[in-house]
Amino acid sequence: MLKTIRVMLIPNDKQRTRLFQFAGSARYAYNWALEQEKKNHTEGGKFISDYELRRRFTLYKNEPGNRWLYTISNNVCKQAIKDAIIAYQKFFKGLAERPKYKSRKRSKPSFYIDPIKIKFTGTHVKLESIAQSKKKNRQSANWFRLAEHERIPIGVNYSNPRISFDGLNWFLTVGIEIETPAPITGTNDGIGIDLGIKDLAICSTGQVYRNINKTRRVRRLKKKQRRLQRKISRKYEKNKKGGRYQKTRNIIKSEKQLLRTTHRLTDTRTNYIQQITTEIIRREPSFIVLEDLNVSGMMKNKYLAGAVQEQKLAKFYRIMQYKCLWHGIRLITADRFYASSKTCSICGNLKKDLKLSDRIYHCEHCGAAIGRDLNASMNLYQYGKSIISH
């Protein structure tokens, strides 16, 4: 089983410059390969293979004015060309939209590193061709500090290492092969989890995980974010000349401050989900049941879109999915049209006229009164139990 690990790098100024050069070269090679494929298709030619494009790119590097590409690792450009070909193939197979050229301003800076030449220690990672000189006293530029020590195991096979920039920091993402855990066969009972907007998660055991967006910490961050957005907007209007906006150093400084606040807000929400899922997994339940929510459909409701986006329901499902896979716990997904909220968890009566505003489920058949979300989680638990028994 393949496990992906993401760790932050701490480069110095020279290393940071080289990382941007590598990312720019990868973008340049990607756009060049895409241009070759589009031009060939327009002229009625057949699809150009990966081997042929790489051969042409080698000849292209030898042309006057393109020698600067030799200062970059060859694997960076080769993989960028391969990525462009894969994107082009997916488009013609109907699996993705037409690939677009990568913009210098809008695209995310990233590039590929050869997994054979990458080396890890407990505190550093060695990347290839960062140091432009081959002298031994200059090779220290190839070693990057890791923000988290002993995070990536040493002496294992690495796959598809990528370096990316999120606007503030550089990150290294690498895949490692781990053993597939055996399924849990303990006596612990399963758990049904109902995801919502008022509360993030309600378990069938009665455990309720509150909405972190209602806490004081998140509200203060959101308030700071709104103020910075208004501040930047006013600065743009103030420095407008004619029909164009002028970006000053103060605007760039404020935009970086806004980006840090936005990242902190996003990381706070993601960290909360990580803590919740880890706490549930540590109970070692025999199974976990989640509902297949139509998040994209919920986002179309203008009254709920903001709350749904802040809750990160899709991320909760994705994180729970791979953590169950890591620990050998069976994850059951209930059908999207399963009436978990409208069904009484005690007698099984279906209440079709249940409204979204009804937070307490009153059963007309058996007279039970139970919280709407707790009732849904108990129904999901019973759904999972029936799946296991069959």
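This text gives an overview of the structure that appears in the document. (Residues numbered from 1 in each chain as written. Predicted model: local features only at pLDDT ≥ 70, side-chain atom pairs only at ≥ 80, totals over all residues. Heavy atoms only, no water.)

### Overview of the packing of aromatic side chains
Formally: Ring pairs are drawn from Phe, Tyr and Trp, using the six-membered ring of Trp, whenever the two centres fall within 6.5 Å, and their geometry is named by plane angle: stacked under 30 degrees, edge-to-face over 60, tilted for the rest. Helical segments are the DSSP runs of H or I of at least four residues, strand segments are the runs of E of at least two, and each set is numbered from the N terminus.
For the structure shown, the criterion picks out 18 aromatic pairs. Taking 5.0 Å as the distance between ring centres and 70 degrees as the angle between the ring planes, the aromatic pair formed by Tyr-88 and Phe-92 counts as edge-to-face. Linking Tyr-88 with Phe-92, this pair stays in helix H3 (residues 74-92), spanning 4 residues, or about one helical turn. Through a chain of ring-to-ring contacts, three or more aromatic side chains come together here, namely Phe-20, Phe-22, Phe-111, Phe-165 and Trp-170.

### Structural notes on the pairing of strand E9 (residues 199-203)
Each regular strand shows side chains that alternate between the opposite faces of the sheet. Formally: Relative accessibility thresholds used throughout: buried, under 20% of the residue-type maximum; exposed, over 50%; partly exposed, between the two (1.4 Å probe, protein chains only). Strands were regarded as paired on the criterion that DSSP finds at least two bridges between them.
Counted residue by residue, E9 has 5 buried out of 5 residues, so it is predominantly covered. Sheet analysis places strand E8 (residues 191-195) next to E9, joined by 3 bridges and oriented antiparallel. For Ile-193, the partnering residue across the bridge sits in E9 and is Cys-203. Between E8 and E9, which follow one another and run antiparallel, lie 3 residues.

### A closer look at empty space enclosed by the protein
Definition in use: Here a cavity denotes a set of grid points, spaced 1 Å apart and computed over the protein atoms alone, in which a 1.4 Å probe fits but from which it cannot get out, and a pocket denotes an open set meeting protein on both sides within 12 Å along at least five of seven lines; residues with an atom within 4 Å of a point are reported as lining. Grid points are joined across faces, edges and corners, and a volume is the space filled by probe spheres set on the points.
For the coordinates displayed, the defined rule picks out 1 cavity of 30 Å³ or more. Its boundaries defined by the atoms lining it, the largest cavity holds a volume of some 50 Å³. For the lining of the largest cavity, the secondary structure elements donating two or more residues are helix H5 (249-281) and helix H7 (305-311). By residue number, the principal contributor to the lining of the largest cavity is H5, which donates 3 residues.

### A closer look at unusual backbone geometry
Backbone geometry places Asn-160, a non-glycine residue, at a positive phi of 50 degrees. Structurally, Asn-160 is set in strand E6 (residues 158-165). Phi angles above zero are rare outside glycine, and Lys-312 is one such case at about 55 degrees. If you trace the backbone, Lys-312 turns up in the loop between H7 and helix H8 (313-327).

### Regarding the nonpolar core
Where we set the bar: What is meant by a nonpolar core is a set of buried Ala, Val, Leu, Ile, Met, Phe, Trp, Tyr and Cys residues, joined one to another through side-chain atoms within 4.5 Å. The contact criterion used is simple: two residues touch if any of their non-hydrogen atoms lie within 4.5 Å.
One finds Phe-111, Phe-120, Val-125, Leu-127, Ile-163 and Leu-172 to be the most contacted residues of the largest nonpolar core, which totals 43 residues. Those elements that provide at least two residues to this core are strand E1 (2-10), helix H1 (13-42), helix H2 (50-61), H3, strand E5 (143-146), E6 and strand E7 (170-177). Considering each element in turn, this core owes the most residues, 9 residues, to H1. Those residues in contact with Phe-111, other than ones at most four positions away along the chain, are Leu-19, Phe-22, Ala-23, Ala-26, Val-76, Pro-161, Arg-162, Ile-163 and Trp-170. Residues Tyr-209, Ile-281, Met-320 and Ile-329 belong to the second largest nonpolar core, which totals 25 residues.

### Structural notes on the packing of H5 against H8
Let me state the cut-off plainly: Only C-alpha atoms enter the line fits that serve as axes; for helices the fit covers just the stretch in contact. Angles between N-to-C directions range over 0 to 180 degrees. Should the near helix be turned anticlockwise from the far one by less than a right angle, the crossing is termed left-handed; should it be turned clockwise, right-handed. Three classes are used, and their members are as follows: Ala, Val, Leu, Ile, Met, Phe, Trp, Tyr, Cys and Pro are nonpolar, Asp, Glu, Lys and Arg are charged, and the others, Gly among them, are polar.
Between H5 and H8, whose axes approach to 10 Å, the crossing angle comes to 40 degrees. Considering the relative orientation of H5 and H8, their crossing is right-handed. Where H5 approaches H8, its residues Thr-270, Ile-273, Gln-274, Ile-276, Thr-277, Thr-278, Ile-280 and Ile-281 are matched on the opposing element by Lys-315, Phe-316, Ile-319, Met-320, Tyr-322, Lys-323, Cys-324 and His-327. Class assignment of the residues belonging to the contact of H5 with H8 gives a composition of 9 nonpolar, 5 polar and 2 charged.

### Some points on the sheet that holds strand E14 (residues 330-334)
The mixed open sheet is built from 5 strands, whose spatial order is E10-E9-E8-E13-E14. Single-partner strands in this sheet number two, and they are strand E10 (208-210) and E14. Across the sheet, the mean angle separating the axes of adjacent strands is 20 degrees when strand polarity is ignored. Taken strand by strand, H5 contacts E8, E9, E10 and strand E13 (287-291), and its axis lies near 170 degrees from that of E10. Sheet strands in contact with H8 are E8, E9, E13 and E14, and its direction is about 160 degrees off that of E13.

### Examining a positive patch on the surface
Heads up, the rule is: What makes a patch is a set of residues exposed beyond 30% relative accessible area and free of salt bridges, joined within 9 Å when like-charged and within 5 Å when nonpolar (Val, Leu, Ile, Met, Phe, Trp, Tyr). Reported accessibility uses the Shrake-Rupley method at a 1.4 Å probe radius. Residues are deemed covered only where the shown protein chains occlude them. A pair is scored as a salt bridge if a Lys or Arg side-chain nitrogen falls within 4 Å of a carboxyl oxygen belonging to Asp or Glu. We score Asp and Glu as negative and Lys and Arg as positive, and we do not count His or the chain ends. The atom standing in for a charge is NZ when the residue is Lys, CZ when it is Arg, CG when it is Asp and CD when it is Glu.
On the surface, a cluster of positive charge is made up of Arg-216, Arg-217, Arg-219, Arg-220, Lys-224, Lys-256, Arg-260 and Arg-264. For the positive patch, the secondary-structure elements that each account for two or more residues are helix H4 (216-238) and H5. At 5 residues, H4 tops the list of elements feeding residues into the positive patch. Within the secondary structure, Arg-216 sits in helix H4.

### Comments concerning the packing of H1 against H3
Note the cut-off: What sets the label is the angle itself: under 35 degrees gives roughly parallel, over 145 gives roughly antiparallel, 65 to 115 gives roughly perpendicular, and the rest give oblique.
Running from N to C, H1 and H3 cross one another at 40 degrees; their axes reach a closest spacing of 8 Å. Relative to H3, the element H1 is oriented oblique. The handedness of the crossing between H1 and H3 comes out as right-handed. Counting all contacts with H1, which are made through Phe-22, Ser-25, Ala-26, Ala-29, Tyr-30, Trp-32, Ala-33, Leu-34, Glu-37, Lys-38 and His-41, the residues of H3 involved are Val-76, Cys-77, Ala-80, Ile-81, Asp-83, Ala-84, Ile-85, Ala-87, Tyr-88 and Phe-92. Residue composition of the contact of H1 with H3, grouped by class: 16 nonpolar, 2 polar and 3 charged.

### Here's the deal with the side chain of Ser-254
Among the structural elements, Ser-254 can be located in helix H5. For Ser-254, a relative accessible area of 3% translates into the label buried. Once you skip the residues sitting within four places of it in the chain, Ser-254 turns out to touch Lys-231, Ile-232 and Lys-235.

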